[in-house]
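Coordinate inspection notes
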Amino acid sequence: MFYGGGQMVLAADPSALVCFQLIEKHQINVTALVPPAVTLWLQAIEEWGSNQALSSLKLLQVGGAKLGKRWRHAFRMRLAASYSRYSAWQKGW
């Protein structure tokens with residue numbers, strides 16, 4: 001990623017208020033969250049009435065636990081990004 005010119009942006013916390021600004025400013029296209037943060041982001045989009053700050057986002061990876069069916073549906077309806085579930089624990093370790 002870095003060799004190809006990519007960069008990493010770290011947020012002080014996963015709140016929508018902090019992260020949406022960073023995503024918009026740096027045109028971030030991939031990020032990862034745990035399910036509770038996803039639900040907070042979706043609630044913020046609904047409350048603020050816009051997801052414009054996330055227009056550069058192409059992929060949201062969700063790990064740590066399974067995102068509930070209701071939230072997966074809400075994610076697909078409110079964001080243009082793809083959703084990917086990942087696990088940090090690999091079998092055989």
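Structural notes, computed from the coordinates. (Residues numbered from 1 in each chain as written. Predicted model: local features only at pLDDT ≥ 70, side-chain atom pairs only at ≥ 80, totals over all residues. Heavy atoms only, no water.)

Applying the stated criterion across every chain yields a total of one salt bridge. Residues Glu46 and Arg78 are paired through a salt bridge, measuring 2.7 Å at the closest nitrogen-oxygen approach. With Glu46 in helix α2 (residues 35–48) and Arg78 in helix α3 (residues 69–78), the pair connects residues that are 32 residues apart, well separated along the chain. Overall, the relative accessible area of 54% leaves Glu46 in the exposed class. (Salt bridge = Lys/Arg side-chain N within 4 Å of Asp/Glu carboxyl O. Helix = DSSP H or I, 4+ residues; strand = E, 2+ residues; numbered from the N terminus. Buried < 20%, exposed > 50% of the residue type's maximum accessible area, 1.4 Å probe, protein only.)

Our focus in this paragraph is the environment of Thr31. Here Thr31 is to be found in strand β1 (residues 30–33). For the pair formed by Thr31 and Leu17, sequence separation is 14 residues and the distance between their alpha carbons is 15 Å.

Moving on: unusual backbone geometry. Positive phi outside glycine occurs at Gln27, with the angle close to 50°. Tracing the sequence through the fold places Gln27 in the loop between α1 (16–26) and β1. For Gln27, a relative accessible area of 47% corresponds to the partly exposed category.

Attention now moves to α1. Along α1, the residues that are buried comprise Ala16, Cys19, Phe20 and Ile23. For α1, the arc enclosing every buried residue in end-on projection is 100°, short of the 170-degree limit, so these residues lie on one face. Exposed and facing more than 90 degrees away from the buried side of α1 are Leu17, Gln21 and Lys25. Where the residues of α1 are buried, they touch α2. Within two residues after α1, Gln27 carries a phi angle of roughly 50°, on the positive side. (Arc of directions from axis to C-beta. Contact = heavy atoms within 4.5 Å.)

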